[in-house]
Amino acid sequence: MKKPARPPPPPTAARLLGQARWYLDRYGATEATLRRWLSRRLTVALEHHPGTDPEEAKAWLEAAIDRMRELGFVDDARWAESRARVLRRRGASSAAVRSALRAKGVAAELVDETLVDDETPQPDLEAARTFARRSRIGPWRKAPVDADGRRKELARLARKGFGYDIARQVIDAPE
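Residues numbered from 1 in each chain as written. Predicted model: local features only at pLDDT ≥ 70, side-chain atom pairs only at ≥ 80, totals over all residues. Heavy atoms only, no water.

1. Concerning the side chain of Thr114
Here Thr114 is to be found in helix 6 (residues 108-116). With a relative accessible area of 13%, Thr114 lands in the buried category. One polar contact links the side chain of Thr114 to the main-chain carbonyl oxygen of Leu110, over a distance of 2.8 Å. Sequence-distant contacts of Thr114, defined by excluding residues within four places in its chain, comprise Ala80, Glu81, Ala84 and Leu101. (Helix = DSSP H or I, 4+ residues; strand = E, 2+ residues; numbered from the N terminus. Buried < 20%, exposed > 50% of the residue type's maximum accessible area, 1.4 Å probe, protein only. Polar contact = N/O pair within 3.5 Å; in protein donor to acceptor, adjacent residues only side chain to side chain. Contact = heavy atoms within 4.5 Å.)

2. Re the pattern of salt bridges
Scanning all chains against the criterion turns up 15 salt bridges. For Asp75, the salt bridge identified is with Arg78, shortest N-O distance 4.0 Å. Judged by its relative accessible area of 32%, Asp75 is partly exposed. The salt bridge partner of Arg98 is Asp112, with a shortest N-O separation of 2.9 Å. Of this pair, Arg98 sits in helix 5 (residues 94-103) while Asp112 sits in helix 6; the two residues are 14 residues apart in sequence, bridging distant segments of the chain. Arg98 sits in the partly exposed class, given a relative accessible area of 33%. Taken together, the salt bridges that share partners define one network made up of Glu31, Arg35, Glu62, Asp66 and Arg69. (Salt bridge = Lys/Arg side-chain N within 4 Å of Asp/Glu carboxyl O.)

3. Section: helix 1 (residues 13-26)
The terminal C-alpha atoms of helix 1, which comprises 14 residues, lie 20 Å apart, in line with the 20 Å expected from a rise of 1.5 Å per residue. Taken together, the buried positions of helix 1 are Leu16, Gln19, Ala20, Tyr23 and Leu24. Looking straight down helix 1, one finds that the buried residues subtend no more than 125 degrees of arc, so they occupy a single side. Turned more than 90 degrees away from the buried face of helix 1, the exposed residues are Ala14, Asp25 and Arg26. Looking at the buried positions of helix 1, the neighbouring elements they touch are helix 2 (31-48) and helix 3 (54-71). (Expected span 1.5 Å × (residues − 1). Arc of directions from axis to C-beta.)

4. A few points about the environment of Ala100
On the secondary structure map, Ala100 appears in helix 5. For Ala100, a relative accessible area of 28% puts it in the partly exposed group. A C-alpha to C-alpha distance of 26 Å links Ala100 and Arg67, two positions 33 residues apart in sequence.

5. What to know about a positive patch on the surface
On the surface, a cluster of positive charge is made up of Arg36, Arg40, Arg83, Arg89, Arg90, Lys104 and Arg134. Elements with a minimum of two residues in the positive patch: helix 2 and helix 4 (76-89). Following the sequence through the fold, Arg36 ends up in helix 2. The class of Arg36 is partly exposed, set by a relative accessible area of 39%. (Patch = residues over 30% accessible without salt bridge, like charges linked within 9 Å, V, L, I, M, F, W, Y side chains within 5 Å. Areas by Shrake-Rupley, 256 points an atom, 1.4 Å probe, with all protein chains shown as cover. Lys, Arg positive; Asp, Glu negative; His and termini not counted. Charge placed at Lys NZ, Arg CZ, Asp CG, Glu CD.)

6. Some details on the side chain of Ser93
As for its position among the elements, Ser93 is in the loop between helix 4 and helix 5. Given a relative accessible area of 0%, Ser93 falls into the buried group. One polar contact links the side chain of Ser93 to the main-chain carbonyl oxygen of Lys160, over a distance of 2.9 Å. In this structure Ser93 touches Arg88, Asp124, Lys160, Gly161 and Phe162, once residues within four positions along its chain are discounted.

7. Digging into the confidence of the model for the protein chain
Per-residue confidence for the protein chain averages 92 on the pLDDT scale, and 97% of its residues sit at or above 70. Within the protein chain, the element-level pLDDT minimum falls on helix 6, averaging 92, and the maximum on helix 1, averaging 96. (pLDDT = per-residue confidence, 0-100.)

Right under this line is the structure:
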């Protein structure tokens, strides 16, 4: 028979700050990600300790997030720029980068600013080439393909968020 899990300690402002610090030492996170993680921990702690005022606990949570922001441990702009760079190196389209950043809770204005700051002249074309090279399609394929194979390669790039013009440029590029 499985032993029940040990109940969490009662929530306090210092404990929430420590948990936030531990999480950010271990993982890079956006403010929204940290808020979700701390909220889940706080909800469980409040269920086990009903004597704690939930409104006061929410104030502690916000104070912990504010403190992490003040110390520079949470910086959505820096995180978004870093994540966008990683995704671009992997061959992600602008649409894929935008979607990934928004899913992590980065503000739409900050996402737009991050994508505008991209240093390459045609970031989607470069990302499509990177994806094609990594996937061994287009000029990087090992064997020639027929019209159906070409269509499938174009569809593969389209599913990754690249437009038809860019996909055609990459797939039809000379070897």
